[in-house]
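# Examining the three-dimensional arrangement
Here is what each chain is made of, one letter per residue.
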Protein chains: 2
Amino acid sequence: MSDLLERLRGRGWRMTSQRRVVAEVLEGDHVHLTADEVHARAAQRLPEISRATVYNTLGELVSLGEVIEVVTDGRARRYDPNAHHPHQHLVCSACGTMRDVSPTGSPLADLPAEERFGFTVSGADVTYRGLCPACIRRPGA
Amino acid sequence: MSDLLERLRGRGWRMTSQRRVVAEVLEGDHVHLTADEVHARAAQRLPEISRATVYNTLGELVSLGEVIEVVTDGRARRYDPNAHHPHQHLVCSACGTMRDVSPTGSPLADLPAEERFGFTVSGADVTYRGLCPACIRRPGA
DNA sequence: TTATTGACTTGGACTCTGTCCATCGTAGGA
DNA sequence: TCCTACGATGGACAGAGTCCAAGTCAATAA
């Protein structure tokens, strides 16, 4: 069993085949799947799994801090299992490809007190935008 | 007529009452309305304006670079008329209130070449997250 | 091993956001 | 004032996500 499943069970998560498959689909680096993509991959191993269960499970993993919800366009949210190493995202404006990146420095340090308007600022999400190598080569991309 | 309407007309934008009302609704600082909010406000002045027209007009304003589309959650996109001064956003995690902020430094400078994976990086959006003064005071927020 | 039970899953209905399209209306030039 | 191409309309449609009542099953206890 993976570390993730181990941790979840340790936290009292009731282990079902559906939850196991969803957690397994999310393993790896630079994984940023939409809920529908997770559902499609999970359904390869467990054909009868429902969309509602995938949504429920993803929501729980996010609440537990095991998965990060990423929003880069107005489309579907993406789910990033790399929750235990702080990072930001680099997105291709043409094809949507996404990589985890680790900038030097902290964006929080760049927001002076007079720009905080009395907010208690706890974090910052950075999305770097550009063209990936494949789309740079592709003419007209 | 406002500067915005002046500029649009100068660019050959055909001026209709609908477009005028949408552009007027978007005036001001720290304005981040959803399409539905824009529609509701526009409809106060022009009750028969349709949703499709609001979406069309917002899309054109974005294409023309007069308005910026902002995505902070998986919900509705927001429209920010502050397109001529580079800025980032500060969002309250509890109530969604949003302010424009101007961090010192450039996030791009924090992304070293070895973290760019061959991408041509052209920009970075930063979303600072925290609690606004009202939600800090409100217990349980 | 079996019984029990409350948590989990299911699928379908529903909401919200946004897009598309055929038709109608009108801004602005001739 | 008339024309006409561009814009507005509203209703159908699509994608993403939520909700709920009913059925199922993992984990515990006996």
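Scroll up a little and you will see the structure.
These lines cover the structure that appears in this document, whether it is placed above or below. Here the structure is a predicted model, which is why all the values come from computation and not from measurement.

The subject of this paragraph is unusual backbone geometry. Residues and elements named next belong to chain A. In the Ramachandran plot, His-30 falls in the positive-phi region, its phi being about 55° despite a non-glycine side chain. Note on placement: His-30 falls in the loop between helix H2 (17-25) and strand S1 (33-34). The class for His-30 is partly exposed, based on a relative accessible area of 31%.

Our focus in this paragraph is the pattern of salt bridges. What the rule picks out here adds up to 14 salt bridges over all chains. As a salt-bridge pair, Glu-60 of chain A and Arg-19 of chain A come within 3.0 Å of each other at their nearest N and O atoms. Residue Glu-60 of chain A is located in helix H4 (residues 51-63), and its partner Arg-19 of chain A is located in helix H2; the two are separated by 41 residues in the primary sequence. When its relative accessible area of 18% is taken as the criterion, Arg-19 of chain A is described as buried. Taking the shortest distance from any N to any O, the salt bridge between Glu-37 of chain B and Arg-78 of chain B comes out at 3.4 Å. Separated by 41 residues along the polypeptide, Glu-37 of chain B in helix H3 (residues 35-45) and Arg-78 of chain B in strand S3 (residues 78-80) bring together distant segments of the chain. Overall, Glu-37 of chain B belongs to the partly exposed group, its relative accessible area being 31%. Classification of Arg-78 of chain B by relative accessible area gives partly exposed; the value is 23%. Ionic contacts of the salt-bridge type, sharing partners, join the residues Arg-7, Arg-11 and Glu-66 of chain A into one network.

This part covers the protein's contact with DNA strand D. As a structural note, the neighbourhood of DNA strand D is formed by 18 residues, with Arg-77 of chain A together with Thr-16, Gln-18, Ser-50 and Thr-53 of chain B the closest of them. Here, DNA strand D places atoms within 4 Å of the protein, and 70% of those atoms are sugar or phosphate. At 3.1 Å, a side-chain N or O of Arg-14 of chain A approaches a base oxygen of DNA strand D. Note that a phosphate oxygen of DNA strand D is positioned 3.2 Å from one of the backbone N or O atoms of Met-15 of chain A. Elements with a minimum of two residues in the surface near DNA strand D: H4 of chain A together with helix H2 (17-25) and helix H4 (51-63) of chain B. Examining the composition of the surface near DNA strand D, we find that three residues originate from one element, H4 of chain A, more than from any other. For the surface near DNA strand D, the per-class residue count stands at six nonpolar, four polar and eight charged.

Here Gly-130 of chain B lies in strand S6 (residues 120-131). In this structure the C-alpha to C-alpha distance between Gly-130 of chain B and Leu-4 of chain B, which are 126 residues apart in sequence, comes to 32 Å.

On the secondary structure map, Asp-100 of chain A appears in strand S5 (residues 98-101). One buried charge, Asp-100 of chain A, has no salt-bridge partner; the nearest side chain with opposite charge is Arg-99 of chain A, at 7.5 Å. A distance of 2.9 Å separates the side chain of Asp-100 of chain A from the side chain of Asn-82 of chain A, its partner in a polar contact. Among the polar contacts listed, one links the side chain of Asp-100 of chain A to the side chain of His-89 of chain A, at a separation of 3.2 Å. When near neighbours in sequence (up to four residues on either side) are disregarded, Asp-100 of chain A contacts His-30, His-32, Asp-80, Asn-82, His-87, Gln-88 and His-89 of chain A together with Glu-115 and Phe-117 of chain B.

Here the focus is the sheet that holds strand S3 (residues 78-80) of chain A. Residues and elements named next belong to chain A. Overall, antiparallel pairing links the three strands, which are arranged S1-S3-S2 in an open sheet. Of all the strands in the sheet, the pair left with one neighbour each is S1 and strand S2 (68-70). For S2 and S3, the ladder comprises three bridges, and the chain directions are antiparallel. In the strand pairing of S3, Glu-69 is matched with Tyr-79.

The next point concerns the state of the cysteines. Residues and elements named next belong to chain A. A full pass over the atoms with the stated rule returns zero disulfides over all chains. In this structure Cys-95 is a free cysteine whose sulfur lies 3.7 Å from that of Cys-92, the closest cysteine sulfur available. For Cys-95, a relative accessible area of 42% translates into the label partly exposed. With no disulfide of its own, Cys-132 has Cys-92 as its nearest cysteine by sulfur position, at a separation of 3.7 Å.

What counts and how
- Residues numbered from 1 in each chain as written.
- Chains lettered and ligands numbered in written order.
- Predicted model: local features only at pLDDT ≥ 70, side-chain atom pairs only at ≥ 80, totals over all residues.
- Heavy atoms only, no water.
- Helix = DSSP H or I, 4+ residues; strand = E, 2+ residues; numbered from the N terminus.
- Buried < 20%, exposed > 50% of the residue type's maximum accessible area, 1.4 Å probe, protein only.
- Salt bridge = Lys/Arg side-chain N within 4 Å of Asp/Glu carboxyl O.
- Near = heavy atom within 4 Å.
- Polar contact = N/O pair within 3.5 Å; in protein donor to acceptor, adjacent residues only side chain to side chain.
- Nonpolar A, V, L, I, M, F, W, Y, C, P; charged D, E, K, R; others polar.
- Lys, Arg positive; Asp, Glu negative; His and termini not counted.
- Contact = heavy atoms within 4.5 Å.
- Pairing = 2+ DSSP bridges.
- Disulfide = S-S within 2.5 Å.

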